[in-house]
Amino acid sequence: MNQNRTLLIQIALFVVTLLTTTITGAEWIFGRPFFFGETPLGWQEFFEGFKYSIPFLGVLTIHEFGHYFVAKKHKTEVTLPYYIPLWIGGLSSTFGTLGAFIRIKERIQSRVKYFDIGIAGPLAGFVAALFVLWYGFTHLPNLDYVFNLFPIFKQYGNDYGKFLETTPDYISIKLGDSLLFNFFEQYVATGELPHPYLYTNYPIIFAGYLSLFFTALNLFPVGQLDGGHILYGLIGDRAFNIVSPILFSIFVFYAGLGFFNAHEFTTTDTKAYLELVGKFILFIGFNYLCFSRITENQISNWLIALSVVAIQLIISYFYPTIEGYSGFLAFGLMIGRFLGVYHPPTYDRQPLSLERKVLGWLALIIFILCFSPKPFVIIQNLPN
C-alpha cells in the first residue's frame, strides 16, 4: 500500500511538472503571461508550450533514469524520480521546474558504486541535450516566426534587432555563453539565427540550453553533487576533502564578486549609507551561512566568510566594473548549508578501472564545455 501511495505521488508530481513547464514554455515563447494581463494566453498557445516542456523534461527524465538503472544494476535500493514543479503566476522568470531527483534508500559503501551511479545521469542527460540542441539548430524557422510572435518587428525587417537594442523599457534575457552552445551557433546552425535577446522564444533551443545548464550544475565537482561523486571516485577521499572546499570557496567568491562595490560606501547621503550598511550586514550573514559547515569550528567559518567578503571589496575598489554572477549565490547556499561540501566516506575503496577513469575525466571536461560564467543576463534598456 505504501509503495502504491508513493508511486501515485510520483506520477502526480510528474503530471503537475509537465503542466507547469508547458505553461512556462508558452509564456517564454509568446512573451506574456498565461492567465494575467491584457492579452492572456489561450489553449493554442498552451499546446505550443509542449515544444519546450517535452524536450526539457525528456532530458531531465533521461538523466534521472540514468541514475536509476545503474543503481538497480548495482542492486542498490532506489526510488523512481520525484519531479519538482515550480511556476510563479504571470512571470516568465522560472523554468517550470526545479528539476527532479531519485532517493537512494540505503547507504552506499563503495567508491565504485558512487562513481557509477553519479556519472550515469549526467552522461545520459548530456547525450539527450546534444540531440535536442542539434534538432533545434538544424530546424531554425525563418524570420516570419519572429514577426508572427511580435508583429511590431516586421517593419524593421532584418534589422529588427536594432529595435530590441534601442527601444526604451525593453526587458529581455540573454542566454550566457558556453563553449558547447557557441559551437552549435557557429558550426551546426542552419538558417537564420535568432537575435541573442530572443533565444528564449525558441523553445527547443531554450530547452537544450537549460539542459546544458542543469548538466553543468550537476557536474560541479563539489560535495554530493554528481560531479562530487565523480571527482571523489577519481582522486579519493583525502584529496577530495581538500579540493572540494577550495572549489566551493572560489565559486562563492565569484558569485558574490561585485555584489557590493567598495566605492558605494563613499556616499554622503546618510539614509542611503545606512541602507547600504544594512544590506551589507545581511550579505555577510548570507556568506556565513554558505560557509557555516565548511569546518567544525564556527570561528573559522566566520573568518572564511569575512575574508571572502573583504577580498571581494578590495578587488572592487581597484576594478569597479568587475562582477561575478550573483545568480549562483542561491546554489552556493544550497551546497554549503544543506548538501555539504564534503563526501560521505566509503569503506570499500577499490580503485576505479581505467575505463571509469577515462569516463570520469571526460565528464569533468563536459562540465567545462557546458558551464557558463553568466548563464542568464537580464537586458534592460533604460528610458531615454
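See the structure printed just above.
Parameters and conventions
Residues numbered from 1 in each chain as written. Predicted model: local features only at pLDDT ≥ 70, side-chain atom pairs only at ≥ 80, totals over all residues. Heavy atoms only, no water. Helix = DSSP H or I, 4+ residues; strand = E, 2+ residues; numbered from the N terminus. Rg over C-alpha atoms; globule rule 2.2 N^0.38 Å. Buried < 20%, exposed > 50% of the residue type's maximum accessible area, 1.4 Å probe, protein only. Contact = heavy atoms within 4.5 Å. Areas by Shrake-Rupley, 256 points an atom, 1.4 Å probe, with all protein chains shown as cover. Lys, Arg positive; Asp, Glu negative; His and termini not counted. Charge placed at Lys NZ, Arg CZ, Asp CG, Glu CD. Core = buried A, V, L, I, M, F, W, Y, C linked by side-chain atoms within 4.5 Å. Polar contact = N/O pair within 3.5 Å; in protein donor to acceptor, adjacent residues only side chain to side chain. Axes fitted to C-alpha atoms, helices over the stretch in contact; angles between N-to-C directions. Parallel < 35°, antiparallel > 145°, perpendicular 65-115°, else oblique. Left-handed = near helix turned anticlockwise from the far one by under 90°. Nonpolar A, V, L, I, M, F, W, Y, C, P; charged D, E, K, R; others polar. Salt bridge = Lys/Arg side-chain N within 4 Å of Asp/Glu carboxyl O. Patch = residues over 30% accessible without salt bridge, like charges linked within 9 Å, V, L, I, M, F, W, Y side chains within 5 Å.

Draft legend 1. Quick peek at the overall build of the protein. When helices and strands are tallied, the protein shows 13 helices and four strands. The globule rule puts the C-alpha radius of gyration for 384 residues at 21 Å, and the 23 Å found for the protein is close to it. For the protein, the spread of C-alpha atoms along the principal axes amounts to about 70 × 60 × 45 Å. Split into buried and exposed, the 384 residues of the protein put 48% on the buried side. Excluding contacts between residues fewer than 6 apart, the proportion of contacts in the protein whose partners are at least 24 apart in sequence is 77%. Looking at the protein as shown, the accessible area adds up to about 19700 Å², and 65% of this sits on carbon and sulfur atoms. Distance between charge centres in the protein, computed from 23 positive and 24 negative side chains, equals 12 Å.

Draft legend 2. Summary view of unusual backbone geometry. In this structure, K75 is a non-glycine residue whose phi angle is positive, near 60°. Following the sequence through the fold, K75 ends up in the loop between α3 (50–73) and β1 (82–85).

Draft legend 3. Molecular detail of the nonpolar core. One finds F95, F153, F248 and F376 to be the most contacted residues of the largest nonpolar core, which totals 96 residues. No other element matches the 11 residues that helix α8 (residues 203–219) contributes to this core. Beyond its immediate stretch of four places on either side in the chain, F95 contacts T21, T24, Y52, F56, F206, L210, F213, F214 and F376. Counting residues in each nonpolar core, the second largest holds seven residues, with Y68, V78, Y114 and I117 among its members.

Draft legend 4. Layout of the environment of T138. As for its position among the elements, T138 is in helix α4 (residues 111–138). We classify T138 as partly exposed; its relative accessible area is 22%. Sequence separation of T138 and F181 is 43 residues, and the distance between their C-alpha atoms is 13 Å. Ignoring sequence-local partners within four residues, the contact set of T138 consists of V188 and T190. A distance of 3.1 Å separates the side chain of T138 from the side chain of H139, its partner in a polar contact.

Draft legend 5. Local environment of the packing of helix α10 (residues 270–291) against helix α11 (residues 298–318). Axis separation between α10 and α11 bottoms out at 9 Å; the angle between their running directions is 130°. With respect to α11, the axis of α10 lies oblique. The crossing of α10 and α11 is right-handed. Of the residues in α11, those touching α10 at F280, F283, I284, N287, Y288 and F291 are Q298, N301, W302, I304, A305, L306, V308, V309, Q312 and L313. Of the residues in the contact of α10 with α11, the class split is 12 nonpolar, four polar and no charged.

Draft legend 6. Examining the pattern of salt bridges more closely. For the coordinates displayed, the defined rule picks out five salt bridges. Of the charged contacts in the structure, one is a salt bridge between K105 and E77, with a shortest N-O distance of 3.7 Å. Of this pair, K105 sits in the loop between β2 (97–101) and α4 while E77 sits in the loop between α3 and β1, and the two are 28 residues apart along the sequence. A relative accessible area of 43% places K105 in the partly exposed class. The exposure class assigned to E77 is partly exposed, which follows from its relative accessible area of 42%. A salt bridge links D116 to R356, with the nearest nitrogen and oxygen atoms 2.7 Å apart. In this pair, D116 is assigned in helix α4 and R356 in helix α13 (residues 354–370), connecting sequence segments 240 residues apart.

Draft legend 7. Examining the environment of F376 more closely. One can find F376 in strand β4 (residues 376–380). The exposure class of F376 is buried, given its relative accessible area of 15%. Along the sequence, F376 and F95 sit 281 residues apart, while their C-alpha atoms lie 12 Å from each other.

Draft legend 8. Structural detail: the side chain of T346. Looking at the element boundaries, T346 is found in the loop between α12 (329–339) and α13. Judged by its relative accessible area of 2%, T346 falls in the buried class. Engagement of the side chain of T346 in a polar contact is seen with the side chain of Y232, the distance being 3.1 Å. Not counting the four nearest positions on each side in its chain, T346 is found in contact with I108, Q109, S110, R111, Y114 and Y232.

Draft legend 9. Summary view of the packing of α4 against α13. Remark: α4 packs on α13, axes separated minimally by 10 Å, with the N-to-C direction vectors making an angle of 45°. Compared by their axis directions, α4 and α13 come out oblique. When you trace α4 past α13, the crossing you get is left-handed. Across the interface between the two elements, V112, F115, D116, I119, L123 and F126 from α4 touch R356, L359, G360, A363, I366 and C370 from α13. Taken together, the residues of the contact of α4 with α13 break down into nine nonpolar, one polar and two charged.

Draft legend 10. A look at a nonpolar patch on the surface. Nonpolar side chains collect at one region of the surface, where I314, Y317, F318, Y319 and I322 lie side by side and expose about 570 Å² of accessible area between them. For Y317, the position within the fold is in helix α11.

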